[in-house]
Each structure stands twice: as structure tokens, then as C-alpha cells.
Amino acid sequence: MNTIMRKSVLGIAGLAVAGGLAAGPLNHGTTDTVDTRAAAVAVRADKPGMDKSKLIPHGVQGKQSRIDVGDEQTDNVKAIIAATKKSGMDERAAVVAIATSLQESKLENLGHLGDRNDHDSQGLFQQRPSSGWGTVEQITDPEYSTMAFLKGLKQVDGWQDMPLTEAAQTVQVSAYPFHYAQWERQAADLVAEHWNS
């Protein structure tokens, strides 16, 4: 691990301990862990014309997780893809957005979770009204919340050349910055399946 990365990891870990950060991933639904020893394994591209190299250009990092996706979650995938296209961004941006939503909400449009809520986080991306993401009504609208996430992603210089987890973390500022990586393969599969549908 290079010195800069090591200092970043140690700094984030120190902030989490010193600051008592309570933000964390939701652990509901089933998650199956898949070994990813072959980092650049081909992504399933069911639709003709899908450029596989756009979906996972750097290979996946670490073990991958996967959940079963129901009708509501599929509708949210399609909403994320539609918002990505509307914003003028490509398939890779959709992979980053869907992987982020998989980590933050398991692709469920979350309302307030009461005692289980991370502050006032809601919606597909666990965005917070108190942090300036928008009103509750806005951040629980899949198109708005995706556009807000993508606006943040566009502001990350060189996000296209970053590992997914680094790009997502730069936008989300999570207490668990490396958890996004585990969803890259499923996100790419979902983009391949629904980008042209």
C-alpha cells in the first residue's frame, strides 16, 4: 500500500473513532459473497452493442456481493439509468451510481427509518436534507436523487479514472469508504441488462 493511501486509510479510521461516526451500511436483505480472484472477469452483457470495457474499466476490487433484485428495485435501477442518460453521462456513471445505491439502500427508496436512521438520511443514496442534498420530497424522488449524486460525481476531477469506491466515496463521504467496491459487478450486470431496455 503506498504511503498516501495508507495515510488516507489511517486518517479516515482515526476520524471514525475520534468523531464517533455512526453512519453505516444497512444490513437488510440477503447478500451473497462471490470470490473475484479474476479481477477483469467479463461482465454479462445481455444487450447487443454494450461495450463491456466501459462498465468495469479497472477490474473489480475485492470480494463482490450480490442481492436479489425485486420489481421495485428494478424500477429504481431503470430510474437511475434514465437520470444518468438525462444528465448526459455514460454507462460507467450508471455503474457508479447503482453500486452506490446498492451499498446505501440496497436499491430501495428509503423513507425515515426512525431509530435505525443515520441522522436524516433517506432515499436511494441515503442523502441528508441537513447536508444540503435537497428536501425530503426531493431526495426520495429517484430521478432527483440520482441527478444530485451525478452532479457531485461530475465535480470529482478524473472520476472516470478512479476505482469505483474512490469515486463514490468522494461524493458520499461515508464512514465506510471501501464498502462501495463490493457492488461493482452487480451494478455492471444491471447496467448491461437495462441500459438499452
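The structure under discussion appears in the preceding block.
Let me sum up the structure you'll find in this document. (Residues numbered from 1 in each chain as written. Predicted model: local features only at pLDDT ≥ 70, side-chain atom pairs only at ≥ 80, totals over all residues. Heavy atoms only, no water.)

**A short note on the nonpolar core**
A general tendency of soluble globular proteins is for nonpolar side chains to be buried together. Selection rule: Definition used in this section: a nonpolar core is a set of buried Ala, Val, Leu, Ile, Met, Phe, Trp, Tyr and Cys residues joined via side-chain atoms within 4.5 Å. Each residue's exposure class comes from its accessible area (1.4 Å probe, protein chains only) as a fraction of the maximum for that residue type: buried when under 20%, exposed when over 50%, partly exposed otherwise. Helix and strand definitions here come from DSSP, where helices need a minimum of 4 consecutive H or I residues and strands a minimum of 2 consecutive E residues; each element is numbered from the N-terminal end. Any two residues whose heavy atoms approach within 4.5 Å at even a single point are treated as in contact.
Among the nonpolar cores identified, the biggest contains 41 residues, and L55, I98, F149, L153 and W159 are the most heavily contacted of them. In terms of residue count, helix α4 (residues 91-105) provides more of this core than any other element does, eight residues in total. Beyond its immediate stretch of four places on either side in the chain, W159 contacts M89, D90, R92, A93, V96, L153, K154 and A167.

**Quick word on the pattern of salt bridges**
Going by this rule: For this analysis, a salt bridge means a side-chain nitrogen from Lys or Arg found within 4 Å of a carboxyl oxygen belonging to Asp or Glu.
Taken as a whole and assessed by the stated rule, the structure comprises four salt bridges. For K54, the salt bridge is made with E91, and the minimal N-O distance between the two is 3.8 Å. A residue pair is termed long-range when its members are at least 10 positions apart, and K54 in helix α2 (residues 52-55) and E91 in helix α4 qualify at 37 residues. Across the salt bridge formed by E143 and K86, the nearest N and O atoms sit 2.5 Å from each other. With E143 in helix α6 (residues 142-154) and K86 in helix α3 (residues 71-86), this pair connects stretches of sequence that are 57 residues apart. By relative accessible area, K86 is classed as exposed at 59%.

**Some words on helix α8 (residues 184-194)**
α8 sits mainly inside the fold: 10 of its 11 residues count as buried. Residues of α8 that are buried include every one of E184, R185, Q186, A187, A188, D189, L190, V191, A192 and H194, and no others. On its buried face, α8 sits against α2, β2 (64-66), α3, α4 and α7 (164-172).

**A look at the packing of α3 against α8**
Note the threshold: Axis angles are defined between N-to-C directions and span 0 to 180 degrees, where every axis is a line fitted to C-alpha atoms and, for a helix, only to the segment in contact. Here the angle decides the label: under 35 degrees means roughly parallel, over 145 means roughly antiparallel, 65 to 115 means roughly perpendicular, and every other value means oblique.
In the contact formed by α3 and α8, the axes pass within 10 Å of each other and the chain directions differ by 75°. When the axis of α3 is compared with that of α8, the two are roughly perpendicular. Two secondary-structure elements touch here, α3 through T74, V77, K78 and I81 and α8 through L190, V191 and H194.

**Side note on the packing of α6 against α7**
To keep it simple, the criterion reads: When residues are sorted by character, Ala, Val, Leu, Ile, Met, Phe, Trp, Tyr, Cys and Pro go into the nonpolar class, Asp, Glu, Lys and Arg into the charged class, and all the rest, Gly among them, into the polar class.
Look at α6 against α7: their axes get within 9 Å of each other, and the N-to-C directions meet at 110°. With respect to each other, α6 and α7 are oriented roughly perpendicular. Of α7, the residues touching α6 (which contributes F149, G152 and L153) are A167, V171 and Q172. Of the residues contributing to the contact of α6 with α7, the split by class is four nonpolar, two polar and no charged.

**So, unusual backbone geometry**
Even without a glycine there, the phi angle at L107 is positive, about 65°. You can see L107 is positioned in the loop between α4 and α5 (136-139).

**Digging into α4**
A turn of α-helix holds 3.6 residues, and therefore any two residues three or four places apart point the same way. Cut-off, in case you're wondering: Take the residue count of a helix, subtract one, and multiply by 1.5 Å to get its expected span. N or O atoms closer than or at 3.5 Å make up a polar contact, with two conditions inside protein: a donor-capable atom paired with an acceptor-capable one, and, for residues adjacent in sequence, both atoms drawn from side chains.
Counted at 1.5 Å a residue, the expected span for α4 with its 15 residues is 21 Å, and the 21 Å between its end C-alpha atoms agrees. Counting buried residues in α4 gives 15 out of 15 residues, a clear majority hidden from the surface. For α4, the side-chain oxygen to backbone nitrogen distance between the N-cap and R92 is 3.1 Å, and the N-cap itself is D90. K106, located one to two residues past α4, shows a positive phi value of around 55°.

**Remarks on the environment of Q155**
Looking at the element boundaries, Q155 is found in the loop between α6 and α7. Through-space distance from the C-alpha of Q155 to that of V171 is 8.7 Å; in sequence the pair is 16 residues apart.

**Focus on the environment of D68**
Summarising the element assignment, D68 is placed in the loop between β2 and α3. Remark: the alpha-carbon pair of D68 and K106, spanning 38 residues in sequence, is separated by 9.5 Å.

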